[in-house]
Amino acid sequence: RSGSFVPAVVVGTGYGAAVSALRLAEAGIPTLMLEMGRLWNTPGPDGRVFCGMLNPDRRSSWFRTRTQAPLSSFLWLDVVNRDIERYPGVLDRVDYDHMSVYVGRGVGGGSLVNGGMAVVPRREYLRQVLPRIDSARMYGRYFPRANAMLRVNLIDKGWFESTDWYRFARVSREQAGRAGLHTVFIPNVYDFGYMRREADGRVPRSALAGEVIYGNNHGKASLDKTYLAAALGTGKVVIETLHQVRAIRQERDGSYVLTVDQTDEGGAVLRRKEIGCRYVFLGAGSLGSTELLLRARETGALPDLGTEIGRGWGPNGNVMTARASHLWQPTGAHQSCIPVLGIDDWDNPDHPVFAEIAPLPAGLETWASLYLAITRNPERGTFVYDKAAGRARLRWTRDQSAPAVAAARSLFDRMNRANRTHYRRDLFGTPAKAFADDFCYHPLGGCVLGRATDDYGRVRGYRHLYVNDGALIPGSVGVNPFVTITALAERNVERVIAEDIAR
Ligand code: FDA
């Protein structure tokens, strides 16, 4: 394929990329998707495609010699992480100075590793964050389309109330209630019918067997089973794996050339390819799409890119925390890895928080309750290009996480006071701390809609170059982001196909 030309290239295979490829293909446009990670469809020696969280192997992590689980310790002991072989595993952690960002690698991007929580944001808040999008169309057309395509479903409430697997969530709900806080059920792309059959012992276990951040072997409708399967089904889409896009330049005739490294499973570059195309859709995620455009601007490859590239980044106000329960209120040795309840205090005028009640599937009783809080942190980071290293650096300082911690603290102090409980400080490594504010799961922004791009993701300064992923959302959306990324991508690509693409 060296020196080949295709009509459209989509970089990445996450949410924004998968939507873009499917809709381009349906419009009759042959589309090549380039993904730096693997295709996760072949079982390893143990007969499983993915490894579990309690006994991770090389499949867990993107080119590391030790796993880097977000919960790194238990009673301050490093019992969670394992030495592993370097391999293109499914979960990556990109480390910047004061912030580490977890991302998925492989065909399906973040959908392979995430908790599957599928939440439509509050209408008023989305209007504040992205004021120029038509919210009637967004909520009437694109969110329903995204939910249907992603196969979002809800847990059966009767089963939730009775099963041991969600005792941990019921304990937190009761304790939240004592503090005057209310909880809401959170929809998910994990098939709850399958989960019930897991509980009954009728099918192989996945969510009920400690699987989530290193991939689910069953039950989850990740993108490879939804959008990407549909895209491949058109016969117009080809996905090349272990292909990392390094550079983008433009030819005199307006077409683009991508420089792409094809690597092997050891990370060695097998071949460097140049791929020409008329349309480029960046779906490499907040970090990936932003870095590609920054590099193009700073190396002079695309000199007309503006100063907005790299700006408006945020971690969706993410903070993780954990509380200790009383001995007489166990959270359960059996915990489903799929969260289904959130504490919704977003209407709090001082400290809005939406906190998912997360499992801590240790396989034994821990009396711990874990939470991923989404807060409204107004701080934003900026990516700058480090020419010597050839990569983007994130300007984000530790104190920029302080508003998020203050909000989470205000909610969980309230819960602790009402229940006479306290924080667990032994779970997030040393030194001991109650709040993990140095990593996130929800990177957003870097090429913000209406600033770095027009209102539909067309990159300012260039024709036929688009961003269509989490990089468009300015740092915060108030809920878990993938449904919004999907719906926004549906909206943008529909307009772009109608107006820009010659057939
Ligand atoms: P996404 O990151 O999905 O995809 C980008 C793809 O591009 C990746 O496959 C990557 O390998 C590839 N790529 C990057 N650079 C490239 C290059 N140069 N060349 C080729 N390929 C390249 N959200 C939610 O709504 N509910 C939830 O429950 C969770 N839970 C959760 C848990 C964990 C552990 C994580 C890490 C994340 C979540 N999230 C989540 C977040 C969610 O997964 C995330 O917001 C989306 O995956 C982002 O979608 P994008 O389309 O922006 O990119």
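Our subject is the structure that appears above.
Residues numbered from 1 in each chain as written. Predicted model: local features only at pLDDT ≥ 70, side-chain atom pairs only at ≥ 80, totals over all residues. Heavy atoms only, no water.

Asks: Can you help me understand the sheet that holds strand S4 (residues 100–104) in this one?
Replies: An order of S3-S4-S19 is seen for the 3 strands of this open sheet, with the pairing classed as mixed. Of all the strands in the sheet, the pair left with one neighbour each is strand S3 (91–95) and strand S19 (439–440). Across 5 bridges, S3 lies against S4 in antiparallel orientation. Following the sheet pairing, Asp-95 is matched in S4 by Ser-100. (Pairing = 2+ DSSP bridges. Helix = DSSP H or I, 4+ residues; strand = E, 2+ residues; numbered from the N terminus.)

Asks: So what exactly am I meant to see when it comes to the packing of aromatic side chains here?
Replies: In this description, a pair of aromatic rings is defined by centroid distance and the angle of the planes. Inspection of the entire model under this criterion finds 18 aromatic pairs. Between the aromatic rings of Trp-40 and Phe-50, the centroid separation amounts to 5.3 Å while the plane-to-plane angle is 25°, which identifies the pairing as stacked. Taken together, the positions of Trp-40 in the loop between strand S2 (31–34) and S3 and Phe-50 in the loop between S2 and S3 put the pair 10 residues apart, joining distant regions of the chain. There is no split in this pair, since Trp-40 and Phe-50 are both buried. Here Trp-313 and Phe-383 contribute two aromatic rings whose centre-to-centre distance is 6.1 Å and whose plane-to-plane angle is 75°, an arrangement assigned as edge-to-face. Here Trp-313, found in strand S10 (residues 311–314), pairs with Phe-383, found in strand S15 (residues 382–386); they are 70 residues apart in sequence, far enough to count as distant. In terms of burial, Trp-313 and Phe-383 fall into one category: buried. Pairwise contacts between aromatic rings join Trp-159, Phe-160, Tyr-166, Phe-168 and Phe-185 into one cluster. The ring of Tyr-87 is capped by Arg-58, whose NZ or CZ atom sits 3.9 Å from the centre of that ring. (Phe/Tyr/Trp six-rings, centres within 6.5 Å; stacked < 30°, edge-to-face > 60°. Buried < 20%, exposed > 50% of the residue type's maximum accessible area, 1.4 Å probe, protein only. Lys NZ or Arg CZ within 6 Å of the ring centre and 35° of its normal.)

Asks: Explain the packing of helix H5 (residues 167–178) against helix H9 (residues 402–419) to me, please; I cannot follow it from the model alone.
Replies: For any two helices packed against each other, one specifies the inter-axial angle together with the distance between the axes. Running from N to C, H5 and H9 point in directions that differ by 90°, and their axes come no closer than 8 Å. Between H5 and H9, the angle is such that the two are roughly perpendicular. Note on element contacts: H9 touches H5 through Met-415, Ala-418 and Asn-419, opposite Ser-172, Gln-175, Ala-176 and Arg-178. (Axes fitted to C-alpha atoms, helices over the stretch in contact; angles between N-to-C directions. Parallel < 35°, antiparallel > 145°, perpendicular 65-115°, else oblique. Contact = heavy atoms within 4.5 Å.)

Asks: Teacher, can you tell me more about the pairing of strand S9 (residues 269–282) here?
Replies: In summary, the side chains of a regular strand alternate between the two faces of the sheet. Looking at chain direction, strand S1 (residues 4–11) and S9 are connected through 7 bridges and run parallel. Bridging across to S9, Val-9 finds its partner in Val-280. Two strands pair when backbone bridges link them, and strand S8 (residues 256–263) and S9 are joined in this way by 8 bridges, in the antiparallel orientation. When the bridges of S9 are listed, Gln-262 appears paired with Arg-271.

Asks: Hey, could you run me through unusual backbone geometry in this one?
Replies: Leaving glycine aside, a negative phi is the common case for residues, and trans is the common case for peptide bonds. The peptide bond linking Thr-430 to Pro-431 adopts the cis configuration, its omega dihedral lying at -5°. Relative to the helices and strands, Pro-431 is located in the loop between strand S17 (422–423) and strand S18 (435–436). You will see that Asn-316, though not glycine, has its phi angle at about 55°, which is positive. As for its position among the elements, Asn-316 is in the loop between S10 and strand S11 (318–324). Since its relative accessible area comes to 0%, Asn-316 is described here as buried. At Arg-420, a position not held by glycine, the phi torsion is positive, near 55°. Positionally, Arg-420 belongs in the loop between H9 and S17.

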